[in-house]
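Breakdown of the fold
The primary structure of each chain is shown beneath.
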Amino acid sequence: MNTLLKGALAASAIALTTPAFAQDIVVVSHGQANDAFWNVVKNGVEQAGKDTGINVDYRAPETFDMVAMSQLIDAAVNQEPDGLIVSIPDADALGPSIERAVAAGIPVISINSGSDVSKELGALLHVGQDEFDAGKAAGEKLAEMGGTNGICVNHEVGNVSLDQRCDGFAEGFGGNVTVLPTSNDPTEIESKVSAALASDESVDTVMALGAGTAGEPSVAAAKASGRDVNVASFDLSANFLQSVVDGDAAFAVDQQQFLQGYLSVNFMALNAKYGLMPGGNVPSGPNLVTSDKAAQVVELSAQGIR
């Protein structure tokens, strides 16, 4: 047998015994175009694509639109990618599209939202934080700081994960909690938080659900009120973290969203190449970033990593 033939046979044997490496992975999130939080998730996705050498396509609707998101998932399924990564803010709206992907034999991992429904929809695992528990931890901390009357600023009405954050906050806080629905326009949020503080002088706590979107304008409203109001927020932004450092905000709840994008893509690549997959959900948070830690992550937040 000549050398060329031996080489060809050896290559064929390797091809038959080694799983194909993932070439195409699609990520579909509900992240809105003006939400800096999701830029960090996207950065994690893109970095994982570079590190693994696979093609990753990140897609999201321009606004919080479940019809548009389900259409993006359906379009991805039609492309028959090697893996699909999705956030699940509304299982009723997105479930059929996700189940269609699973039925087509496409591996699915969920990220960020949907930890409570991920498994039943057929996803292999979830990378994120338990939103209720995270809200409860934040509420307990704010109660320890003396809070008795709080508002929970919901900037994305209809997102079940944000409802869970408010519910958890209310349980952990133990005092009076009012949910304040807003859009994700920071100007509107500042105006509504200011109005809420002006209408009830007993409000001493503001829980925002997104640092760049709602946390920063909530800090501005609290400062303008001239009152001693504790403001905390889910997620990180450089400006909100600086407010924590300066003493104008209490803390931020970090779910490390870079990891949600980065780990999910890596897991999917390893699954395609070696058949490897963690045996359960992977918690990326929560971590409370208080004043003693905030300065360390301000620069990383500005870089789109934290």
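Residues numbered from 1 in each chain as written. Predicted model: local features only at pLDDT ≥ 70, side-chain atom pairs only at ≥ 80, totals over all residues. Heavy atoms only, no water.

1. Notes on the sheet that holds strand S1 (residues 24–28)
Sheet architecture is open: six strands sit in the order S2-S1-S3-S4-S5-S11, paired in parallel fashion. Of all the strands in the sheet, just strand S2 (55–59) and strand S11 (282–283) have a single pairing partner and so form its edges. Here strand S5 (residues 126–128) pairs with S11 via two bridges, running parallel. When the bridges of S11 are listed, glycine 128 appears paired with proline 283. (Pairing = 2+ DSSP bridges. Helix = DSSP H or I, 4+ residues; strand = E, 2+ residues; numbered from the N terminus.)

2. Considering helix H6 (residues 160–173)
Over its 14 residues, H6 runs 20 Å from end to end, which matches the ideal 20 Å to within 8%, given 1.5 Å per residue. Among all positions in H6, only Ser161, Leu162, Gln164, Arg165, Cys166, Gly168, Phe169, Gly172 and Phe173 are buried. Among the structural elements, helix H5 (131–144), strand S6 (149–154), strand S7 (176–181), strand S8 (205–208) and strand S9 (230–234) are those in contact with the buried residues of H6. At the N-terminal end of H6, a side-chain oxygen is found 3.0 Å from the backbone nitrogen of serine 161, two or three residues along, and the residue is asparagine 159. Of the residues trailing H6, glycine 174 is marked for its positive phi of about 80°. (Expected span 1.5 Å × (residues − 1). Buried < 20%, exposed > 50% of the residue type's maximum accessible area, 1.4 Å probe, protein only. Contact = heavy atoms within 4.5 Å. Polar contact = N/O pair within 3.5 Å; in protein donor to acceptor, adjacent residues only side chain to side chain.)

3. Notes on a nonpolar patch on the surface
The grouping of Leu270, Tyr274 and Leu276 at the surface amounts to a nonpolar patch, some 300 Å² of accessible area in total. You can see leucine 270 is positioned in helix H10 (residues 257–274). (Patch = residues over 30% accessible without salt bridge, like charges linked within 9 Å, V, L, I, M, F, W, Y side chains within 5 Å. Areas by Shrake-Rupley, 256 points an atom, 1.4 Å probe, with all protein chains shown as cover. Salt bridge = Lys/Arg side-chain N within 4 Å of Asp/Glu carboxyl O.)

4. Details of the packing of H5 against H6
Packing of H5 against H6 leaves a shortest axis separation of 6 Å and a crossing angle of 35°. For the pair H5 and H6, the sense of crossing is right-handed. Where H5 approaches H6, its residues Glu131, Phe132, Gly135, Lys136, Gly139, Glu140, Leu142 and Ala143 are matched on the opposing element by Ser161, Gln164, Arg165, Asp167, Gly168, Phe169, Glu171, Gly172 and Phe173. Residues of the contact of H5 with H6, tallied by class, amount to five nonpolar, six polar and six charged. (Axes fitted to C-alpha atoms, helices over the stretch in contact; angles between N-to-C directions. Left-handed = near helix turned anticlockwise from the far one by under 90°. Nonpolar A, V, L, I, M, F, W, Y, C, P; charged D, E, K, R; others polar.)

5. Description of the side chain of serine 113
Summarising the element assignment, serine 113 is placed in the loop between strand S4 (108–112) and S5. Given the relative accessible area of 1%, serine 113 is considered buried. Those residues in contact with serine 113 that sit more than four places away from it in its chain are His30, Ser87, Ile88, Pro89, His126 and Ser161.

6. A look at the packing of aromatic side chains
With the rule as written, the count across this model stands at three aromatic pairs. With 6.0 Å between their ring centres and 15° between their planes, phenylalanine 258 and tyrosine 262 make a pair best called stacked. Placement of both phenylalanine 258 and tyrosine 262 in helix H10 is noted, with a separation of four residues, approximately one turn of the helix. On the accessibility criterion, phenylalanine 258 (18% relative accessible area) is buried. (Phe/Tyr/Trp six-rings, centres within 6.5 Å; stacked < 30°, edge-to-face > 60°.)

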